[in-house]
Structures are given as structure tokens and as C-alpha cells.
Amino acid sequence: STLNIRAKIAATYTADDIDQIGDGIVALMGVAQKLSDPTAAAFIDKFASIPAHVDMDKSRSIGPMGIFQASFDKDVRNGLGIIVELMKAMGKLKDQV
């Protein structure tokens, strides 16, 4: 069955396509290696649980005053702190490119 899969790939993609796909797989392996860092894996695991804790029935449109009022909530302040740290890390990406 492995030979059958290889035949399907060869029939579907050109040699250049397969080279490009191979390059993409190598790049994805680099991303997977970075995600295997325990800190990154723990962050992603926690991040993936966020949607289960969102009550969409409570969401509403708010303006600047609503944001100000929400900032009195401890969870909102903690979330804003996380966003600031993420923004700092994202800003450092510019120097790496």
C-alpha cells in the first residue's frame, strides 16, 4: 500500500511540486521542534483551552468606556498583561527577520 500511495503522489504532483512539498515539510519540522519546547507546549495547551471557557452569550459590543470598566476585572487585567507580553515578543520578531 505504500507503493500505491507513492504512485498516487507521483501521478498527482510534478517533480518540482514534490521538491517544494519536501521543503515545506522540512520547514514544518522546524516549527514542530520549536513547539516541542516545554514552555511553548504548555502555553499552547493552555491557549487551546480558552474557547471552552468563553460564554458567547455574555459577549457584547463595547467601546472605550466599556473597556475601561472591564479593566476593573482581575481576569481582564491578567489577560491584558498576557497580551502585552505577547506584543513585546512579537516586536522582537521584527529584528529577527
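Residues numbered from 1 in each chain as written. Predicted model: local features only at pLDDT ≥ 70, side-chain atom pairs only at ≥ 80, totals over all residues. Heavy atoms only, no water.

Helix and strand counts for the protein come out as five helices and zero strands. The order of α-helices and β-strands along the protein, N terminus first, is α-α-α-α-α. Taking the principal axes of its C-alpha atoms as reference, the protein extends roughly 60 × 35 × 25 Å. For the protein, the computed accessible surface area is about 9,000 Å², with 64% contributed by carbon and sulfur atoms. (Helix = DSSP H or I, 4+ residues; strand = E, 2+ residues; numbered from the N terminus. Areas by Shrake-Rupley, 256 points an atom, 1.4 Å probe, with all protein chains shown as cover.)

Okay, the environment of Lys58 next. Mapping Lys58 onto the fold places it in the loop between helix H3 (38–48) and helix H4 (64–70). Taking the relative accessible area as the measure of exposure, Lys58 reaches 65% and is therefore exposed. Sequence-wise, Lys58 and Thr2 are 56 residues apart; in three dimensions their C-alpha atoms are separated by 51 Å. (Buried < 20%, exposed > 50% of the residue type's maximum accessible area, 1.4 Å probe, protein only.)

Aromatic ring pairs are defined here through the distance separating the ring centres and the angle between the ring planes. Tallying each qualifying case throughout the model produces two aromatic pairs. Relative to Phe47, the ring of Phe43 lies with its centre 5.9 Å away and its plane at 20°, an arrangement referred to as stacked. You can see Phe43 and its partner Phe47 sitting in helix H3, four residues apart, about one turn around the helix. With a centroid separation of 5.3 Å and 80° between ring planes, the pair formed by Phe68 and Phe72 is classed as edge-to-face. A residue is classified by how much of its surface remains accessible, and Phe68, at 48% relative accessible area, is partly exposed. (Phe/Tyr/Trp six-rings, centres within 6.5 Å; stacked < 30°, edge-to-face > 60°.)

Residues Val31, Leu35, Phe43, Ile44, Phe47, Ile50, Val54, Met56, Ile82, Leu86, Met90 and Leu93 make up a contiguous nonpolar surface patch of roughly 1,100 Å² in combined accessible area. Mapped onto the nonpolar patch, the elements with two or more residues apiece are helix H2 (15–35), H3 and helix H5 (74–96). When residues of the nonpolar patch are assigned to their parent elements, the largest contribution, four residues, is made by H5. Here Met56 lies in the loop between H3 and H4. On the basis of relative accessible area, Met56 is assigned to the exposed category, the value being 60%. (Patch = residues over 30% accessible without salt bridge, like charges linked within 9 Å, V, L, I, M, F, W, Y side chains within 5 Å. Salt bridge = Lys/Arg side-chain N within 4 Å of Asp/Glu carboxyl O.)

For H5, built from 23 residues, the straight-helix expectation of 33 Å at 1.5 Å per residue is met to within 8% by its first-to-last C-alpha distance of 34 Å. Measuring from the backbone nitrogen of Asp75 back to the side-chain oxygen at the start of H5 gives 2.8 Å, which picks out Asp73 as the cap. (Expected span 1.5 Å × (residues − 1). Polar contact = N/O pair within 3.5 Å; in protein donor to acceptor, adjacent residues only side chain to side chain.)

What follows concerns the environment of Val76. Mapped onto the secondary structure, Val76 falls in helix H5. Since its relative accessible area comes to 31%, Val76 is described here as partly exposed. Here Val76 is in contact with Ala70 and Ser71, once residues within four sequence places are set aside. (Contact = heavy atoms within 4.5 Å.)

Take the confidence of the model for the protein next. Keep in mind that low pLDDT regions are not for reading the predicted coordinates in detail. Chain-level statistics for the protein give a pLDDT mean of 93 and a share of 99% at 70 or above. Of all helices and strands in the protein, the one with the weakest mean pLDDT is H5 (92), whereas H2 scores best (95). (pLDDT = per-residue confidence, 0-100.)

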